[in-house]
Amino acid sequence: MAPTLSTLQFADPAEVTEFVVNKGNGVKGLSETGIKALPDQYIQPFEERLINKYVNETDEAIPVIDMSNPDEDKVAEAICDAAERWGFFQVINHGVPLDVLDNVKAATHRFFNLPVEEKSRFTRENSLSTNVRFGTSFSPRAEKALEWKDYLSLFFVSETEAEQYWPDACKNEALEYMNKSETMVRKLLEYLGKNLNVKELDKTKESLFMGSIRINLNYYPICPNPDLTVGVGRHSDVSSLTILLQDQIGGLHVRSLSSGNWVHVPPVPGSFVINIGDAMQILSNGRYKSVEHRVLANGSNNRISVPIFVNPKPESVIGPLPEVVANGEEPVYRDVVYSDYVRYFFKKAHDGKKTIDFAKI
């Protein structure tokens, strides 16, 4: 049963925070009380609300790449080109079985539909593992305005650890999604690497490009006054590569590098949205671009998405690859310990592309 609360109870911002964040109801719980007005702490600054108004003003589109094309050089070229010019692309016929995608989407709904008592076992305060966290918004302690999203974040350490600590409602499906997409991830990284003179994904490169994996299950509930807030604020990912599975609702927008316009990423059934993260931008010395993106809130539909963040190992030192600067190219970024970079990202609210300045020379 969804909690029933009069709108009055939410007149006080502290009560909203208590209900949403501390009690673990999330914005899903808030949405299900039937509130008619967006609580104040979700109202975004003017410039964000302005973007909401103008996001659909362009006919630009990110590339959609068919990975089953027998001309593999063509596929590799299309992927590297998209990574340089857009930082985002969609892939179809990628070899990951479609039932695996359907299963993890169903598992996402199953987890978020659990009673609050069940989900609350996985909050920062209650979770038995620091690698499993159920939360809301992005960084509620650092944000001036909150984001209209709940999430379950699963950092992969080992099958045994996942078996023990990940929620039963979704662990098998999340693990299967991760395992079944690995071949595609390797392929993408090989294509991107070759173009940077990285001959092969040996053990060293593997720990730099894909040394750690995090899966998020995201839930964006129906929102009153969606034009006043965001599902996710403007940011770029800190990963080397992000693999996103989205449902059919839509709402993800990417900032075009050539025009600065916000471009919608339309849901393509059976596809993944792939984007370059900051780590890859740094490793490629800026050749591949990690691009700003954001998600609209939605007034009529609940939306889910399931990103896999493919990251360096936390202890990796990332900087422009020797293969890239071997030809005398000036390094644009210094070497940073990846975990320091990530810590910096999570310490502040979403702020567009500012995180990467941490690594600029």
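Residues numbered from 1 in each chain as written. Predicted model: local features only at pLDDT ≥ 70, side-chain atom pairs only at ≥ 80, totals over all residues. Heavy atoms only, no water.

- As annotated in an unreviewed UniProt entry, the chain carries the name Fe2OG dioxygenase domain-containing protein and comes from Brassica cretica.

**Structural notes on the confidence of the model for the chain**
1) Next: A residue-level look at the chain finds 91% of positions with pLDDT of 70 or above and a mean pLDDT of 88.
2) Next: Long-range and interchain partners of residues 1-8, a stretch whose pLDDT sits below 50, account for 9 contacts in this model, where long-range means more than four residues apart. (pLDDT = per-residue confidence, 0-100. Contact = heavy atoms within 4.5 Å.)

**A few points about the packing of helix α4 (residues 72-85) against helix α9 (residues 182-194)**
For any two helices packed against each other, one specifies the inter-axial angle together with the distance between the axes.
1) Next: Put simply, α4 and α9 touch, their axes get as near as 9 Å, and they point 75 degrees apart. Viewed along their axes, α4 and α9 adopt a mutual orientation that is roughly perpendicular. Facing E72, V75, A76, I79, C80 and A83 of α4, the residues of α9 in contact are K187, L188, Y191 and L192. (Axes fitted to C-alpha atoms, helices over the stretch in contact; angles between N-to-C directions. Helix = DSSP H or I, 4+ residues; strand = E, 2+ residues; numbered from the N terminus. Parallel < 35°, antiparallel > 145°, perpendicular 65-115°, else oblique.)

**As for the nonpolar core**
1) Next: Core analysis: the biggest nonpolar cluster contains 71 residues, and L152, Y177, I243 and F272 have the highest contact counts within it.
2) Next: Counting residues in hydrophobic clusters, the runner-up holds 13 residues, among them V232, V254, V263 and V273. (Core = buried A, V, L, I, M, F, W, Y, C linked by side-chain atoms within 4.5 Å. Buried < 20%, exposed > 50% of the residue type's maximum accessible area, 1.4 Å probe, protein only.)

**Let's talk about the side chain of Q90**
1) Next: With respect to the helices and strands, Q90 occurs in strand β2 (residues 88-92).
2) Next: What Q90 contacts, discounting residues up to four positions off in sequence, is I62, P63, V64, I65, V265, P266, V268, S271, F272 and V273.

**Focus: the sheet that holds strand β3 (residues 132-136)**
Each strand in a sheet pairs with another by means of backbone hydrogen bonds, the pair being arranged parallel or else antiparallel.
1) Next: Ordered by their spatial adjacency, 8 strands build an open sheet running β1-β2-β10-β7-β12-β5-β4-β3, and the pairing between neighbours is mixed. Two strands close off the open sheet at either side, each with one partner strand: β1 (64-66) and β3. Strand after strand, the sheet turns through a mean of 25 degrees between neighbouring axes, direction not considered.
2) Next: α9 contacts β2, β7 (241-246), β10 (272-276) and β12 (303-311) of the sheet and is inclined by roughly 135 degrees relative to β7.
3) Next: Sitting on the sheet, helix α10 (residues 203-210) touches β5 (212-220) and β12, and the angle it makes with β12 is about 145 degrees. (Pairing = 2+ DSSP bridges.)

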